[in-house]
Amino acid sequence: MKKAKKVSFSKERKEYQPGQPSEVVTDIPSDSSDKPIEDLWESPGRNITDSPKPSIFTPNGSFVLIPLHLLVILYLEFTYFNIQSNVDGALLKGLYLLASCQFIYGILVTVNTNRSRKVSKKNKKAKVSSSFNSGDLLGLIFALVLSILSSIPLFITFILFGAPIGSYTLRTFLLALHTGLITVLPMLCTYRLSDSDFKVDWANILTFQVDKFYKNQIYSMAIGGMIGCWLGVIPIPLDWDRPWQAWPITLLGGMYLGGVVGNAVGWLGGKLPASSEQVSE
Amino acid sequence: MAKNHPENAVLLKFLADPPTTTLQRLKGLTTGSLPTFIDAGSNFNGDIIEEDNLISQLYFSGRKVAFTGDDTWDALFGPYLYRNLTFPYESLNVWDLYSVDQGVIDHIFPIMKDNSTDWDVLIGHFLGVDHCGHRYGPQHYAMKDKLHQLDDVIRKVISEMDDETVLFVFGDHGMDSTGNHGGETQDELESALFMYSKTPYFGRLSSDKYDLTDLGANYRAIDQIDFVPTVAMLLGIPIPFNSLGSPIEEAFIGPHGNDAETLADALRTTTNQINQYRHTSPELAADTEINRLYSRLHEKSTEWNEFSSLAYNYQEKSLAKCKEKWATFDDTNIFIGIGLLALAWTLLVIYSKLIPSVVVAQLNPQFFYSSLALILVYTVLLASFRFVFRPASLPLPWALLLGVALGIANGILAPIMDRYSIPWLVSQVGENLIQNGWTYFALLIVAMHALIFTSNSFIIWEDRIVSFWLASFGVCAFFKSFQLTRGRNRLLGAYHSLVFIILTRLVSQIRLCREEQGAQCISTFKTSPYAVGGLFVSAIILPWIIKSFFSASYCYEGSAPVWISKGFRGTMILTAITWTAEFLEHDEKLADALRVSFGTLKTTRMTLARVVVGVSLVAANFGWASGPLCVKIELQEEPKRARIVGYGNAYGSSYFLFFINILSGVLECSKPMAGLSLAVLAYQLLTLFEIVNLLNIRTNLISVVVVGLLGYLHFFTTGHQATLQSIHWDSAFLLTETIMFPLTHLAVILDTFGPFILTSIAVALLTLWKKPPASKPVAFVSKVAENATSLLLYQITLTISTMVMTNHFRRHLMVWKIFAPRYMMNGLVLIVMNLVLVFVTIGFACPKVLKRWYDVFGA
């Protein structure tokens with residue numbers, strides 16, 4: 001049905017579109033315009049989406065925001081919760097711990113965001129508090145709920161990437177919950193529902209159109225977590241017969257480590273002097 | 001019988017050496033030596049065995065060997081068989097369960113009864129069980145009938161044989177759970193040996209060796225090659241020179257199990273023969289450990305039992321060493337091969353990526369003449385090199401071919417180097433090859449794909465890995481689409497990417513697991529009623545999907561409706577009917593219930609299959625070559641103009657009709673599940689073309705890499721794996737009843753390499769799809785050629801990587817099981833891609849489309 005709809009859609013627009021014409025009106029004898037050959041082809045370096053990236057608010061970096069607690073939780077997963085022998089149980093217990101830690105981390109992020117906003121919006125004289133008030137608490141709780149809900153699309157993504165269907169469903173879902181808490185929650189604390197430009201910001205975030213991502217500590221943490229998760233699949237097929245190769249331990253580890261590394265990169269990137277910024281432009 | 005009359009009969013586990021293909025087993029069972037791997041391919045045209053073997057020994061000692069059964073014997077041992085009593089039967093038709101066996105039964109008893117003085121050894125080779133396994137699998141009731149039949153035959157033989165004859169009953173290999181064989185799983189290697197004589201003769205070892213618990217997992221097993229010295233000594237003929245086996249103890253220790261002297265005697269003969277053989281090979285002879293064992297034997301030659309155990313120890317060790325050292329490697333040629341491929345890779349990169357295509361067009365005649373000249377130079381050079389130095393590993397034909405290869409390479413390089421310097425070429429790498437983030441992503445995938453050959457685990461799981469990469473591409477394309485400026489394109493891109501991901505995930509659910517994947521993988525590639533039903537459904541849906549893609553670009557005009565909705569749907573329905581008939585043929589109960597006879601089904605199936613293949617590959621292509629265009633011309637009165645509907649996708653739509661021709665041919669030769677997978681392939685390719693068009697990555701490496709990956713994905717989802725035993729040999733009999741040169745081979749090639757053929761053809765559409773005609777079609781050809789060479793480069797990269805890694809791991813435990821088959825597959829895929837890209841895509845289809853438009857509209 002969707003397909004048919006599209007067809008009728010394109011029929012409405014009958015103008016000539018360079019690059020992808022759907023219909024062309026030609027004279028008899030057909031036009032013999034001598035376009036240079038190169039015109040037909042995009043020059044190799046050109047990118048049709050090269051429009052300047054929309055700038056979205058970048059919170060200040062801070063060493064406090066490096067999520068070292070993730071390393072601790074990951075360590076506990078392997079030692080105290082013993083993920084290698086009881087995957088489901090350890091994932092669940094780790095999830096409680098992670099949720100509480102991320103809640104506290106969320107407070108840190110919120111405070112930091114408030115502070116950065118205050119600095120950046122000073123000129124506009126916007127009224128932004130730098131501390132943590134009850135509205136922020138509500139926002140944080142809301143962010144927690146949303147990031148838990150985000151596990152559903154994440155779960156579907158895992159399935160689409162090849163997670164087993166029919167077996168290990170619980171594990172995959174727990175992994176999605178972990179991923180949601182690590183990647184989505186801090187982002188929701190930075191780009192909040194209550195913000196006026198929430199929609200635009202998130203549209204840009206979800207389509208990965210973030211300027212200078214390596215300076216954005218929270219955003220690069222989310223990206224790092226995703227990349228870590230992607231790379232985490234590599235050891236699974238190896239025939240080492242280690243208990244930690246079980247699904248989805250390597251993805252979990254990759255995501256935790258990737259999150260920390262991404263965050264650290266963002267923190268270091270934020271410290272880059274402005275001059276090198278111009279060089280990299 | 002073995003239990004009740006232990007001195008008359010023995011039953012032992014019989015272990016084959018891989019590969020478990022019939023020809024190799026026959027060689028092993030008669031020469032007693034280890035098979036070389038590459039022989040597996042010659043399973044289908046065996047030549048006369050040149051090595052020393054049992055049959056020739058029998059012949060030279062004046063014995064007569066009567067034979068009936070599988071004609072492979074006739075091919076291998078023809079001159080040594082007793083012609084008056086030789087009755088070979090055609091053996092490779094795996095769908096025939098009865099004729100060979102009936103022939104054996106018809107001849108074996110008369111020979112036993114009437115001509116009992118005429119022969120010394122009588123061989124009867126039954127094929128029914130093997131064929132039954134191939135065709136129905138071990139769980140089918142036809143197998144039960146077959147086994148009962150054989151049981152009756154053996155009982156009858158036992159009752160009719162005289163007192164001075166020994167009966168050996170054995171299987172040359174086992175079968176895996178699907179009924180196929182060729183590999184080296186326990187199921188395939190294990191079969192049984194039953195020895196029987198009416199005169200009490202056989203002894204027994206201690207009873208714990210015949211442990212029946214745990215389904216006989218620890219039951220005494222002997223190697224197949226042990227059969228050779230045993231039979232040779234029982235018949236009193238010399239042991240074949242190459243034999244590495246040991247005598248089977250039960251046959252020599254006498255009915256009471258205490259005749260140590262006879263056994264020791266037999267062992268001494270065998271040991272001496274093995275030692276003699278070892279000393280003909282410098283590598284084996286230099287093994288001091290084995291030599292020490294041999295000399296120790298001579299010191300302790302007094303105590304029989306001790307001698308026997310020492311002798312067995314020696315033979316075991318020597319066999320193990322031989323197995324380890326068996327494969328020999330020709331380093332010179334390996335390195336020449338890797339070097340040549342690397343040279344070809346460099347050439348292609350320079351030719352297609354670094355020099356401007358305009359220059360290439362100018363240089364082409366130069367390339368031709370300089371190549372011609374340099375071929376002469378190099379062949380003369382190498383031939384003289386060959387005659388002067390006489391290197392052992394470079395026979396004359398190879399030297400000449402190498403000369404030709406080097407000549408072409410140098411001939412192309414010379415004009416290039418004349419114009420450009422190496423630094424300039426290097427500087428072009430950054431400029432021409434790398435376009436944007438997509439290119440890096442593509443290079444990452446190519447690098448990872450080349451690196452998976454460094455580990456056997458990654459090769460085993462390649463099917464999942466490939467689908468993971470495709471999903472990654474889909475997700476990137478999904479998010480990238482949202483960055484498009486036009487809202488409509490944004491939605492379209494996201495929608496097509498999503499469809500692409502979902503299709504990839506769905507189709508990767510079809511899998512035929514390889515044995516190493518173990519419990520982590522459940523095969524879903526089975527011919528089930530659902531799969532056959534699915535074929536009918538896809539026959540309805542796929543043309544409809546293609547139609548909607550055509551309509552979206554206004555080119556469902558002209559010949560498109562006939563081609564897609566009538567022709568393609570028609571062949572797809574016929575294909576579905578063919579496979580329904582095939583399915584009924586397999587399921588005799590259902591066929592009986594429907595009162596369709598076996599013969600009717602077979603005739604219908606074969607006729608339809610031939611019709612479909614003939615129509616789609618021959619007739620349709622002739623029709624296509626004469627020029628269908630998917631456009632409509634609307635004439636307008638006022639003002640006087642003509643509108644060409646479908647102009648925007650004129651090339652792409654016409655070329656896709658050609659793709660459909662080949663697709664329906666491949667579909668016919670693919671099993672039902674594979675047919676579904678290929679239908680998805682067509683859909684995926686269409687979505688990919690749309691994505692590529694929207695994201696403007698036509699000439700980007702990523703689109704070519706994705707097309708290549710789709711080829712691999714569908715190779716796996718059409719029920720193949722990079723193993724020898726997963727080749728669908730039964731598809732050889734889709735078009736013909738017996739092996740007939742072009743048709744049989746065509747069916748197997750279309751079945752095995754279908755996805756690669758299709759993607760190699762489709763790669764041109766990356767350029768042509770949704771591009772309006774240009775005044776200078778040459779630009780299109782060069783762009784298509786560029787993408788085609790990119791695809792070739794991708795495959796060459798993989799091939800070089802497997803060559804290097806297989807060579808590196810050549811003493812690895814898994815080399816013959818995993819690395820070597822994957823390497824062979826890569827080589828074959830490269831050849832297939834090369835041929836299709838050069839002769840079909842660039843040589844035939846693409847110029848045809850461009851030329852036709854030019855002929856009709858002038859521009």
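Remember, it's a predicted structure, so these values are computed and weren't measured experimentally.

K.L.:
Where do I start with the overall build of chain B in this structure?
P.N.:
Check the secondary structure of chain B and you find 32 helices and nine strands. Here the analysis covers contacts within chain B between residues at least 6 apart in sequence; of these, 74% occur between residues at least 24 apart. Only carbon and sulfur atoms are counted for the fraction: they give 62% of the accessible area of chain B, which is about 34,900 Å².

K.L.:
Would you take a moment to explain the confidence of the model for chain A for this structure?
P.N.:
Residues shown with low pLDDT carry predicted positions that ought not to be read at fine detail. Residues and elements named next belong to chain A. Summary statistics for chain A give a mean pLDDT of 76 and a share of 73% for residues scoring 70 or more. Model confidence for chain A, summarised as mean pLDDT per element, is weakest for helix 1 (residues 2-12) at 34 and strongest for helix 6 (residues 151-160) at 94. This model gives residues 1-50 a pLDDT under 50, and the stretch forms 81 contacts once residues within four places in sequence are excluded. Per-residue pLDDT stays below 50 along residues 275-281; that stretch engages in four contacts with residues further than four places along the chain or on separate chains.

K.L.:
Would you explain the sheet that holds strand 1 (residues 9-15) of chain B in this entry?
P.N.:
Neighbouring strands of a sheet are bound in pairs by backbone hydrogen bonds; such pairs are parallel or else antiparallel. Residue and element names in this part refer to chain B. The strand order across the open sheet built from four strands is 5-6-1-7, with neighbouring strands paired in mixed fashion. Pairing within the sheet leaves two strands with one partner each, and these edge strands are strand 5 (166-170) and strand 7 (221-223). Here the average twist between neighbouring strands, direction ignored, is 35 degrees. Inspection of the sheet shows strand 1 paired to strand 7 by three bridges, in the parallel sense. Pairing of Leu15 across the sheet is with Asp223, part of strand 7.

K.L.:
What is the right way to look at the packing of helix 28 (residues 701-717) of chain B against helix 31 (residues 778-808) of chain B in this model?
P.N.:
When two helices pack together, their arrangement is captured by the angle between the axes and the distance separating the axes. All names here are of chain B. Orientation of helix 28 relative to helix 31, taken along the N-to-C sense of each, is 55 degrees, at an axis distance of 9 Å. When the interaxial angle is binned, helix 28 and helix 31 end up oblique. As helix 28 runs across helix 31, the sense of the crossing is right-handed. For the pair formed by helix 28 and helix 31, the contact residues are Leu701, Val704, Val705, Gly708, Leu709 and Tyr712 on the first element and Asn787, Ser790, Leu791, Tyr794, Gln795 and Leu798 on the second. In terms of residue class, the contact of helix 28 with helix 31 is made up of eight nonpolar, four polar and no charged.

K.L.:
Help me out: how do you make sense of the state of the cysteines in this one?
P.N.:
Should the sulfur atoms of two cysteines be covalently bonded, the bond is a disulfide. Residues and elements named next belong to chain B. Applying the stated rule across the entire model yields one disulfide over all chains. Sulfur-sulfur distance for the disulfide between Cys513 and Cys521 comes to 1.9 Å. Taking the torsion about the sulfur-sulfur bond, which here is approximately -80 degrees, the covalent link between Cys513 and Cys521 counts as left-handed.

K.L.:
Looking at this model, I keep getting lost on the sheet that holds strand 3 (residues 86-89) of chain B. Mind explaining?
P.N.:
All names here are of chain B. If you walk across this open sheet you meet the three strands as 3-2-4, and the pairing is parallel. Among the strands making up the open sheet, the edge pair consists of strand 3 and strand 4 (121-125). Going across the sheet, the axis of each strand differs from the next one's by a mean of 10 degrees, ignoring polarity. In terms of strand pairing, strand 2 (residues 65-70) meets strand 4 through five bridges, oriented parallel. Along strand 4, the bridge assignment pairs Gly69 with His125.

K.L.:
Can you help me understand the pattern of salt bridges in this one?
P.N.:
Close approach of charged atoms lets side chains of opposite charge pair. All names here are of chain B. Under the definition given, this model contains 16 salt bridges over all chains. Where Glu737 meets Lys602, a salt bridge forms, and the shortest distance between an N and an O atom there is 3.6 Å. On the criterion of sequence distance, the pair formed by Glu737 in the loop between helix 28 and helix 29 (741-762) and Lys602 in helix 25 (residues 598-625) is long-range, its members being 135 residues apart. Relative accessible area serves as the criterion here: at 18%, Lys602 is assigned to the buried category.

K.L.:
Can you walk me through a nonpolar patch on the surface in this structure?
P.N.:
Residue and element names in this part refer to chain A. A grouping of Leu137, Ile141, Val145, Leu149, Ile152 and Ile156 is seen on the molecular surface, where their side chains present a nonpolar patch of about 500 Å² in accessible area. Among the elements that make up the nonpolar patch, the one with the highest residue count is helix 5 (residues 134-149) (four residues). Of note, Ile141 is situated in helix 5. Taking relative accessible area as the criterion, Ile141 reaches 40% and is therefore assigned partly exposed.

K.L.:
Sorry, what's going on with the nonpolar core here?
P.N.:
For soluble globular proteins, the rule of thumb is that nonpolar side chains tend to be buried together. Grouped together as the largest cluster of nonpolar side chains are 169 residues, with contacts concentrated most on B:Phe473, B:Phe550 and B:Phe656. Tallying contributions element by element places helix 32 (residues 815-857) of chain B first for this core, with 16 residues. Sequence-distant contacts of B:Phe656, that is, excluding residues within four places in its chain, are made with B:Ile546, B:Phe550, B:Leu686, B:Phe689, B:Leu765 and B:Trp769. In this structure, A:Val87, A:Leu144, A:Ala176 and A:Leu185 belong to the second largest nonpolar core, which totals 52 residues.

K.L.:
I'm lost on the pairing of strand 6 (residues 190-197) of chain B in this one. Help?
P.N.:
Residues and elements named next belong to chain B. With six of its eight residues buried, strand 6 lies for the most part within the structure. Two elements, strand 1 and strand 6, share seven bridges in a ladder whose sense is antiparallel. The residue bridging Val10 from the neighbouring strand is Met195, located in strand 6. Bridge count between strand 5 and strand 6: five bridges; the pairing is antiparallel. Directly across from Phe168, in strand 6, lies its bridge partner Met195.

Criteria and thresholds
Residues numbered from 1 in each chain as written. Chains lettered and ligands numbered in written order. Predicted model: local features only at pLDDT ≥ 70, side-chain atom pairs only at ≥ 80, totals over all residues. Heavy atoms only, no water. Helix = DSSP H or I, 4+ residues; strand = E, 2+ residues; numbered from the N terminus. Contact = heavy atoms within 4.5 Å. Areas by Shrake-Rupley, 256 points an atom, 1.4 Å probe, with all protein chains shown as cover. pLDDT = per-residue confidence, 0-100. Pairing = 2+ DSSP bridges. Axes fitted to C-alpha atoms, helices over the stretch in contact; angles between N-to-C directions. Parallel < 35°, antiparallel > 145°, perpendicular 65-115°, else oblique. Left-handed = near helix turned anticlockwise from the far one by under 90°. Nonpolar A, V, L, I, M, F, W, Y, C, P; charged D, E, K, R; others polar. Disulfide = S-S within 2.5 Å. Salt bridge = Lys/Arg side-chain N within 4 Å of Asp/Glu carboxyl O. Buried < 20%, exposed > 50% of the residue type's maximum accessible area, 1.4 Å probe, protein only. Patch = residues over 30% accessible without salt bridge, like charges linked within 9 Å, V, L, I, M, F, W, Y side chains within 5 Å. Core = buried A, V, L, I, M, F, W, Y, C linked by side-chain atoms within 4.5 Å.

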